[in-house]
Amino acid sequence: MQSLVMGVLNVTPDSFSDGGRWFDREAAIARGLELVAEGADVLDVGGESTRPGAGPVDEAEERRRVLAVVEALAPHVRVSIDTYKAGVARAAVDAGASIVNDVSASLAEVAASCGVGWIAMHMQGAPRTMQEDPRYVDVVGEVRDFLLERARAAVSAGVGEVWIDPGIGFGKTPEHNLSLLRHLRALVDTGFDVVVGASRKSFLGRLTGAGPDLPAPVEDRGEASLAASVWAMTAGAAMVRVHDVAATVQAARIVGQPVPV
Ligand code: PMM
């Protein structure tokens, strides 16, 4: 089965990967349409950066950033709303979003009452401090158990479409991220559809940089991001969340080819 490609559309001034580029509403809508033309299956619209160290955004401001963008894009493509605020999620669904992409894994009731899909992502700690000293005894087991518990609770609460996401970079060292990718099957084997978002993240910069203190800059992480997506798709990810949609769609086609027997 071919994995789906979710294109990232951050309507923020400060996201680590594309901060400020699509902050203007018209620029964001134009960028979204570009990603649709490149073959995105879903567009993930977000109005608050969750990069390490980021502070929270006021709910009214978050609504102001995302709602018009969701409304403009929803007739063209499936839209997810990247938020952990119930009010923003509900308003975005009213504007046309059909998935709540929830980095806090706490909005299952909202998704159930709105009758939309829900992505439960794992995060240790909160964005402001999560990268200070992340610790696990067994990162794969702990992430899997957490997501399975949340996913089952969501099904009981009436969510018809549940996705799980290991939350690459959210309270995780590079080694934790690599373990989760290496053992992604542990998540796939739960039977829930798995989403992976590794695109442009800092561990890829560290792995491909010129030295321990010289990580590759965000704009030079395209190849590493594609490699991580191919890795995740090969391991059974049902959807990858990426900035570089066109290349990833091609990769998804290759990985998803039926093999003649
Ligand atoms: N990563 C970011 C934001 N939202 N949502 C999901 N489900 N999974 C992720 O890995 C994820 C996310 C941060 O990346 P960005 O700043 O490039 O949007």
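Use the structure listed above.
Keep in mind it's a predicted model, so treat the numbers as computed, not measured.

Observations concerning the overall build of the chain
Looking only at helices and strands, the chain features 10 helices and eight strands. Projecting the C-alpha coordinates of the chain onto the three principal axes gives extents of approximately 45 × 40 × 40 Å. For the chain, buried positions account for 52% of its 261 residues. Each charge sign in the chain was given a centre, from 24 positive and 34 negative side chains, and these centres are 1 Å apart.

A few points about the environment of Gly46
Here Gly46 shows up in strand 2 (residues 42–46). When near neighbours in sequence (up to four residues on either side) are disregarded, Gly46 contacts Leu9, Asn10, Val11, Thr12, Val66 and Asp82.

As for the packing of aromatic side chains
Going through the model one piece at a time under the given rule, you end up with zero aromatic pairs. Between Lys85 and the ring centre of Tyr84, over which it is positioned, the NZ or CZ distance is 4.9 Å.

Points about helix 1 (residues 25–37)
For helix 1, spanning 13 residues, the distance from its first C-alpha to its last is 19 Å, which sits close to the expected 18 Å at 1.5 Å a residue. Looking at helix 1, one finds that the buried residues are Ala28, Ile29, Arg31, Gly32 and Leu35. Seen from one end, helix 1 has its buried residues packed into an arc of 160°, which puts them on one side. Across helix 1 from its buried face, at more than 90 degrees, point the exposed residues Glu26 and Ala37. Elements in contact with the buried residues of helix 1: strand 1 (4–10), strand 2, helix 2 (59–73) and helix 10 (245–255). Near the N-terminus of helix 1, the side chain that reaches the backbone nitrogen of Glu26, with its oxygen 3.3 Å away, is that of Asp24. Directly beyond the C-terminal end of helix 1, a positive phi value near 110° is found at Gly39.

Describing the sheet that holds strand 5 (residues 117–121)
Spatial strand order, 1-2-3-4-5-6-7-8: eight strands in a closed barrel with parallel pairing. Geometrically, the sheet is characterised by an average inter-axis angle of 25° between neighbouring strands, direction not taken into account. Direction of pairing for strand 2 relative to strand 3 (residues 78–82): parallel, over a ladder of five bridges. Pairing of Gly46 across the sheet is with Asp82, part of strand 3.

Quick notes on unusual backbone geometry
Not every positive phi belongs to a glycine, and Ala105 is a case in point at roughly 50°. Tracing the backbone through its elements, the reader meets Ala105 in the loop between strand 4 (99–102) and helix 4 (108–114). Residue classification places Ala105 among the buried positions, given a relative accessible area of 2%.

Comments concerning the layout of surface pockets
Reported here for the second largest pocket is a volume of approximately 230 Å³. Around the second largest pocket, the lining comprises 13 residues; the ones closest to its centre are Met1, Gln2, Ser3, Ala237 and Ala238. Residue classes in the lining of the second largest pocket are distributed as seven nonpolar, five polar and one charged.

Rules of the game
Each chain has its residues counted from 1, running along the sequence as written. pLDDT decides what is reported in this predicted model: residues at 70 or higher carry local features, side-chain atom pairs at 80 or more are listed and counted, and totals for whole chains, interfaces and linings draw on all residues regardless. The side-chain numbers reported here are obtained from all heavy atoms of the structure, hydrogens and water having been left aside. We count a stretch as a helix when DSSP gives it H or I for four or more residues in a row; a strand needs E for two or more, and each element gets its number in order from the N terminus. The cut-offs for exposure are 20% and 50% of the maximum accessible area for each residue type, with area from a 1.4 Å probe on protein chains only; residues under the lower value are buried, those over the upper are exposed, and the others partly exposed. When charges are counted, Lys and Arg are positive and Asp and Glu negative, with His and the chain ends excluded. Think of each charge as sitting on NZ of Lys, CZ of Arg, CG of Asp or CD of Glu. In what follows, a contact means two residues having at least one pair of non-hydrogen atoms within 4.5 Å. Think of it this way: a Phe, Tyr or Trp ring, Trp meaning its six-membered ring, pairs with another when their centres are within 6.5 Å, and the plane angle makes it stacked under 30 degrees, edge-to-face over 60, tilted otherwise. Cation placement over rings: the criterion is NZ of Lys or CZ of Arg within 6 Å of the ring centroid and within 35° of the ring normal. The length a helix should cover is 1.5 Å for every residue beyond the first. Directions from the helix axis toward the C-beta atoms define the arc. Two N or O atoms count as a polar contact when they lie within 3.5 Å, although within protein this holds only if one can serve as hydrogen donor and the other as acceptor, and sequence-adjacent residues are included solely when both atoms are side-chain atoms. Here, strands pair whenever DSSP counts at least two bridges between them. To obtain each axis, a line is fitted to C-alpha atoms, and for helices this fit is confined to the stretch in contact; angles are then taken between N-to-C directions over 0 to 180 degrees. Using only the protein atoms, space was sampled on a 1 Å grid; points where a 1.4 Å probe fits but cannot get out form cavities, open sets with protein on both sides within 12 Å along at least five of seven lines form pockets, and lining residues are those with an atom within 4 Å of a point. Grid points are joined across faces, edges and corners, and a volume is the space filled by probe spheres set on the points. Put simply, Ala, Val, Leu, Ile, Met, Phe, Trp, Tyr, Cys and Pro go in the nonpolar bin, Asp, Glu, Lys and Arg in the charged bin, and everything else, Gly too, in the polar bin.

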